[in-house]
Amino acid sequence: MYTTSQVAEQLQLTNKKVLLFSKKGDLKLEKSNNGYLFTDEQIEQIKEIYEESIQVVESKQMETDNIDMIRELTQKLIKLEEKVETKANEVVSVQILEHRCEIEDLKKVIGTLENQVDQLNEQVTLLKADLEDQKKILTFKPKKRFAILSIFGV
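**Q** Help me understand the packing of aromatic side chains in this model?
**A** Geometry of an aromatic ring pair is reported as the spacing of the ring centres plus the angle between the planes. Overall, the coordinates contain one aromatic pair when judged by the stated rule. Aromatic pair phenylalanine 21 and tyrosine 50: ring centres 5.6 Å apart, planes at 65°, arrangement edge-to-face. Taken together, the residues span a long stretch of sequence, with phenylalanine 21 in helix 2 (residues 15-24) and tyrosine 50 in helix 3 (residues 40-139) at a distance of 29 residues.

The following block contains the structure:
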């Protein structure tokens, strides 16, 4: 049989913790003049209860660490999404500006083509007028009697 102090020294715990873990395990302890007495079997039970409590504390700490890590990763993800959205907006803006430049260039080309079409229409109109004049000249036939008189000089 071991005293509370001996058990505490053996398990590297305080006397209060040895008594606390013995209460948690509902151990039936013998009482002596100097305190409580523990059997080897009870010491093993206290050791197991202590190790379980350490595991619970460690798992709670791991949960807290995991929650903190998840929060941190979530914040990083939000920042990355914001950066991606900003980049996407910048790319779209650049593309819009490029399209505007292309549209302006196309408008200039269309204006030049319209001018050329107008000039060609004017040339066609002039050529048609010349052709009509030439047709009139070709279709004019003097009458025969005037032709005979002009031969004889009358």
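Additional details are given in the paragraphs that follow.
**Q** Just to check I follow, could you spell out the packing of helix 1 (residues 4-11) against helix 2 for this structure?
**A** Each pair of packed helices gets described by two things: the angle between the helix axes and the distance between those axes. Here helix 1 crosses helix 2 at 95°, and the two axes come no closer than 8 Å. Taken together, the axes of helix 1 and helix 2 lie roughly perpendicular to each other. Between helix 1 and helix 2, the contacting residues are Thr4, Ser5, Val7 and Ala8 on the first element and Asn15, Val18 and Leu19 on the second. Residues belonging to the contact of helix 1 with helix 2 are distributed by class as follows: four nonpolar, three polar and no charged.

**Q** Can you walk me through helix 1 in this structure?
**A** Residues lying three or four places apart along an α-helix face the same way, a consequence of the helix completing one turn every 3.6 residues. Among the residues of helix 1, Thr4, Val7, Ala8 and Leu11 are the ones counted as buried. Around the axis of helix 1, the buried residues are gathered within 100° of arc, so they sit on the same side. One or two positions beyond helix 1, positive phi appears at glutamine 12, with a value near 60°.

**Q** Please explain the pattern of salt bridges as it appears in this structure.
**A** Any two side chains of opposite charge can pair, on the condition that their charged atoms come close. Under the criterion given, the structure shown has three salt bridges. When the shortest N-O distance is used, the salt bridge between arginine 71 and aspartate 68 registers 3.9 Å. Separated by three residues within a single helix, arginine 71 and aspartate 68 lie in helix 3, roughly one turn from each other. Looking at aspartate 68, the relative accessible area reads 40%, which means it is partly exposed. Across the salt bridge formed by lysine 76 and glutamate 72, the nearest N and O atoms sit 3.6 Å from each other. A residue pair is termed a helical-turn pair when its members lie 3 or 4 positions apart in one helix, as lysine 76 and glutamate 72 do in helix 3 at four residues. Residue classification places lysine 76 among the partly exposed residues on the basis of a relative accessible area of 46%.

**Q** For this particular structure, what's the right way to read the sheet that holds strand 3 (residues 35-38)?
**A** Two pairing modes exist for strands in a sheet, parallel and antiparallel, and in both the strands are linked by backbone hydrogen bonds. A sheet is described by the order of its strands in space; here three strands give the open sequence 1-3-2, paired in antiparallel fashion. Each end of this open sheet is capped by a strand with a single partner; those strands are strand 1 (2-3) and strand 2 (30-32). Relative to strand 3, strand 1 is paired through two bridges, and the arrangement is antiparallel. Bridge assignment links tyrosine 2 to a residue of strand 3, and that residue is phenylalanine 38.

**Q** Help me out: how do you make sense of the confidence of the model for the chain in this one?
**A** In low-pLDDT segments, the atomic positions of the prediction should not be examined closely. In the predicted model, the chain carries a mean pLDDT of 86, and the fraction of residues at 70 or more is 90%. Of all secondary-structure elements in the chain, the lowest mean pLDDT belongs to helix 4 (residues 144-152), at 60, while helix 3 reaches the highest, 90.

**Q** Teacher, can you tell me more about the nonpolar core here?
**A** A general tendency of soluble globular proteins is for nonpolar side chains to be buried together. Ranked by size, the top nonpolar core spans eleven residues in total: Val7, Ala8, Leu11, Leu13, Val18, Phe21, Leu27, Phe38, Ile43, Ile46 and Ile49. Counting only elements with at least two residues in this core, the list comes to helix 1, helix 2 and helix 3. Each residue touching leucine 13, except ones within four places of it in the same chain, is listed here: Ala8, Val18, Phe21 and Tyr50.

Procedures and definitions
Residues numbered from 1 in each chain as written. Predicted model: local features only at pLDDT ≥ 70, side-chain atom pairs only at ≥ 80, totals over all residues. Heavy atoms only, no water. Phe/Tyr/Trp six-rings, centres within 6.5 Å; stacked < 30°, edge-to-face > 60°. Helix = DSSP H or I, 4+ residues; strand = E, 2+ residues; numbered from the N terminus. Axes fitted to C-alpha atoms, helices over the stretch in contact; angles between N-to-C directions. Parallel < 35°, antiparallel > 145°, perpendicular 65-115°, else oblique. Contact = heavy atoms within 4.5 Å. Nonpolar A, V, L, I, M, F, W, Y, C, P; charged D, E, K, R; others polar. Buried < 20%, exposed > 50% of the residue type's maximum accessible area, 1.4 Å probe, protein only. Arc of directions from axis to C-beta. Salt bridge = Lys/Arg side-chain N within 4 Å of Asp/Glu carboxyl O. Pairing = 2+ DSSP bridges. pLDDT = per-residue confidence, 0-100. Core = buried A, V, L, I, M, F, W, Y, C linked by side-chain atoms within 4.5 Å.

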